Amino acid sequence: MISFAVSGTISLATTLPTITEGLTIDGSTAPGYAVGSPSVVLFGLPSDMIYAQNATGIVVTGLHFQNGGVPSAGAYRGCELPIATT
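Calculation criteria
- Residues numbered from 1 in each chain as written.
- Predicted model: local features only at pLDDT ≥ 70, side-chain atom pairs only at ≥ 80, totals over all residues.
- Heavy atoms only, no water.
- Helix = DSSP H or I, 4+ residues; strand = E, 2+ residues; numbered from the N terminus.
- Buried < 20%, exposed > 50% of the residue type's maximum accessible area, 1.4 Å probe, protein only.
- Contact = heavy atoms within 4.5 Å.
- Pairing = 2+ DSSP bridges.
- pLDDT = per-residue confidence, 0-100.

A look at the overall build of the protein
Argument step 1. Counting its regular elements, the protein contains zero helices and seven strands.
Argument step 2. Counting from the amino terminus, helix and strand elements in the protein follow one another as β-β-β-β-β-β-β.
Argument step 3. Counting only residues that meet the buried cut, the protein has 31% of its 86 residues in that class.
Argument step 4. Counting contacts in the protein only where the partners sit at least 6 residues apart, residues at least 24 apart contribute 61% of the total.

Structure, rendered in C-alpha cells:
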C-alpha cells in the first residue's frame, strides 16, 4: 500500500513505474483529507500518471489528478480514474 504523510501538489517529473501486481494507492491517509476534497494532487500529463499492465487488485482512492496544468480538463478526483490495462 502507498500512503501519504504529506499533502499538497506532487509534480511528476517522469512517468511513474508500471504497476504489474495488486496495489492500493490511498490518498485519504494524507493530512487534511476530507471526502470529496482530496489534499494530494498529482500534476502531470495523463501518460505520466498510473499505468497498469496485466495487473488486478488495483485500488486508487483519495487523490486528485490534474492534467498538465489545464484546470478545467482532465481532472479526476477520488477513484474516478481511467487505468489502462493490457
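Re the pairing of strand 3 (residues 23–26)
Argument step 1. Alignment of strand 1 (residues 2–3) against strand 3, held across two bridges, turns out to be parallel. Note on strand 3: the bridge partner recorded for serine 3 is aspartate 26.
Argument step 2. By the bridge criterion, four bridges tie strand 3 to strand 5 (residues 58–61) in an arrangement that is parallel. In the sheet register, threonine 24 faces strand 5, and the bridge partner there is valine 59.

What to know about the sheet that holds strand 1
Argument step 1. Pairing within the open sheet is parallel, and its three strands lie in the order 1-3-5. Each of the sheet's edge strands pairs with one partner strand only, and the pair in question is strand 1 and strand 5.

Considering the confidence of the model for the protein
Argument step 1. With 73% of its residues at a pLDDT of at least 70, the protein reaches an overall mean of 76.
Argument step 2. Contacts from residues 72–86, a stretch scored under 50 in pLDDT, to residues over four places away or in other chains number 37 contacts.

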